[in-house]
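# Secondary and tertiary structure notes
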Amino acid sequence: MIKNKAGAPLLAIASSLLLAACATHNASVEPLAAGTSGNADESGRPGMDLGLFWVKHGAEYRALTRQTYKTATRALPGFIADKSWSALPEQQDAADLPPAVILDVDETVVSNIDFQMSFEPPFENWKLDEFSRNNPATPIDGVKDFVAAARALGVEVFFVTNRPCEPRAGDPDPCPQRRTTIDDIAETGIATDAEHVFLSEERGWTREKLTRRLHVAKTHRILMLIGDDYGDFVPCVRDKAVAPCTRAATRESRVAALDEFDEYWGNGWYILPNPMHGSWTAFD
Ligand SMILES: [Mg+2]
């Protein structure tokens with residue numbers, strides 16, 4: 001689920017993890033540009049969370065997303081040619097199925113940095129829903145070219161997002177968020193439709209994305225998974241058991257999955273940076 005249960009303490013953790021190597025002291029951080037000053041901390045630096053600041057202003061962040069998508073683009077022909085390949089560990093005997101890739105949406109296709117910098121905590125799905133409807137979507141650097149390259153090679157592109165289907169007052173559509181999500185993706189320059197966008201809390205699906213990956217795998221050979229959250233790749237990584245998972249993850253189990261799925265990282269699985277929100281924030 002797109003969430004920011006985080007709040008300041010967890011965001012601070014994100015900041016420290018990401019920036020420990022280069023900003024171990026506030027004094028080493030450049031002042032924010034004019035117009036972004038807010039509650040200055042004791043060093044005189046405005047009180048903006050560094051994770052948000054990095055995503056909003058860091059060329060480094062955008063270089064990483066471009067790097068990720070270019071790496072994935074270069075790998076497409078090999079995975080298309082190797083009919084024995086699937087990026088889904090659970091998928092077998094898929095040689096005769098047409099190829100597809102699965103992308104997450106938020107912070108993978110659509111950047112929500114402006115929402116993250118402006119919403120009033122706590123995070124609630126309707127707040128992002130409302131923001132998405134009232135603001136043009138900002139693309140993640142690199143995704144448009146990747147999708148174009150994939151489609152040019154005959155690869156179908158599916159989107160699996162944990163934006164949930166929730167009724168909207170006065171709207172007869174049981175999942176109006178699907179339309180909003182399709183519109184958001186279109187606003188990044190990528191046309192898609194309801195046959196390729198799968199939300200949570202519909203068709204019996206939960207926030208556990210494995211079930212939706214397996215749904216795509218019934219008809220397509222999955223060449224790649226691309227996302228910003230561990231749950232976009234690894235099953236059952238949440239702090240609570242979400243069906244079909246029967247047990248909650250732990251910090252240790254999440255780290256163990258790095259090795260368990262080592263062959264996939266950067267080789268069919270392409271993870272984008274997100275220091276703002278995600279399933280990882282529940283493990284404090
Ligand atoms: Mg995401």
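Look a little higher up for the structure.
Presented here is a report on the structure given in the accompanying data block. Note that the coordinates shown come from a computational prediction; the quantities given were computed from them, not determined experimentally.

### A few points about the packing of helix α5 (residues 125-134) against helix α7 (residues 176-187)
Put simply, α5 and α7 touch, their axes get as near as 10 Å, and they point 50° apart. In terms of orientation, α5 lies oblique with respect to α7. Where α5 crosses over α7, the two elements pack in a sense that is left-handed. Of α7, the residues touching α5 (which contributes Asp-129, Ser-132 and Arg-133) are Gln-177, Thr-180 and Asp-184. Looking at the contact of α5 with α7 residue by residue, the class counts come to no nonpolar, three polar and three charged.

### Considerations on the nonpolar core
Within soluble globular proteins, side chains that are nonpolar tend to cluster in buried spots. The biggest cluster of nonpolar side chains holds 44 residues, and the ones touching the most others in it are Val-101, Ile-102, Val-109, Leu-223 and Met-224. Elements with a contribution of two residues or more to this core: α3 (59-81), β1 (99-103), α6 (143-152), β4 (156-164), β5 (197-200), α8 (210-217) and β6 (221-227). Residue contacts for Val-109: discarding those within four places in its chain leaves Leu-103, Ile-140, Val-143, Phe-159, Ile-185, Thr-188 and Ile-190. In terms of nonpolar packing, the next biggest core, distinct from the first, is built from six residues, Trp-54, Val-55, Tyr-61 and Met-276 among them.

### Concerning the environment of Ser-200
Within the fold, Ser-200 resides in strand β5. On the basis of neighbour count, Ser-200 is assigned to the buried category, with 24 C-beta atoms found within 10 Å.

### A word on the pairing of β5
Of the two faces of β5, the one carrying Val-197 and Leu-199 and the one carrying Phe-198 and Ser-200 are both buried. By the bridge criterion, three bridges tie β4 to β5 in an arrangement that is parallel. Bridging from a neighbouring strand, Phe-159 pairs with Val-197 of β5. For the handedness criterion, the β-α-β arrangement of β4, α7 and β5 is classed as right-handed.

### Observations regarding the pairing of β4
Within β4, seven of the nine residues are buried, which leaves the element mostly enclosed by the surrounding structure. In this structure, β1 lies alongside β4, joined through four bridges in parallel fashion. Bridging from a neighbouring strand, Ile-102 pairs with Phe-158 of β4.

### Some words on the sheet that holds β6
On the basis of which strands lie adjacent, the open sheet formed by five strands has the order β5-β4-β1-β6-β7 and parallel pairing. Sheet topology places β5 and β7 (269-271) at the edges, where each strand pairs with a single neighbour. Within this sheet the neighbouring strands show an average axis-to-axis angle of 20°, counted without direction. The sheet contacts of α3 involve β1, β6 and β7, and relative to β6 the element is tilted by about 175°.

### Focus on α7
For α7, spanning 12 residues, the distance from its first C-alpha to its last is 17 Å, which sits close to the expected 16 Å at 1.5 Å a residue. Among the residues making up α7, those that are buried are Gln-177, Thr-181, Asp-184 and Ile-185. In a view along the axis of α7, the buried residues occupy a sector of 95°, so they form one face of it. Lining the buried residues of α7 we find β2 (110-111), α5, β4 and β5. Positioned one or two residues after α7, Gly-189 has a phi angle of 100°, which is positive.

About the cut-offs
- Residues numbered from 1 in each chain as written.
- Predicted model: local features only at pLDDT ≥ 70, side-chain atom pairs only at ≥ 80, totals over all residues.
- Axes fitted to C-alpha atoms, helices over the stretch in contact; angles between N-to-C directions.
- Helix = DSSP H or I, 4+ residues; strand = E, 2+ residues; numbered from the N terminus.
- Parallel < 35°, antiparallel > 145°, perpendicular 65-115°, else oblique.
- Left-handed = near helix turned anticlockwise from the far one by under 90°.
- Contact = placed C-beta atoms within 7 Å.
- Nonpolar A, V, L, I, M, F, W, Y, C, P; charged D, E, K, R; others polar.
- Core = buried A, V, L, I, M, F, W, Y, C linked by C-beta atoms within 7 Å.
- Buried ≥ 20, exposed ≤ 12 C-beta atoms within 10 Å, placed from the backbone.
- Pairing = 2+ DSSP bridges.
- Right-handed = clockwise from strand over helix to strand, strands pointing away.
- Expected span 1.5 Å × (residues − 1).
- Arc of directions from axis to C-beta.

Geometric values such as these leave the question of function open.
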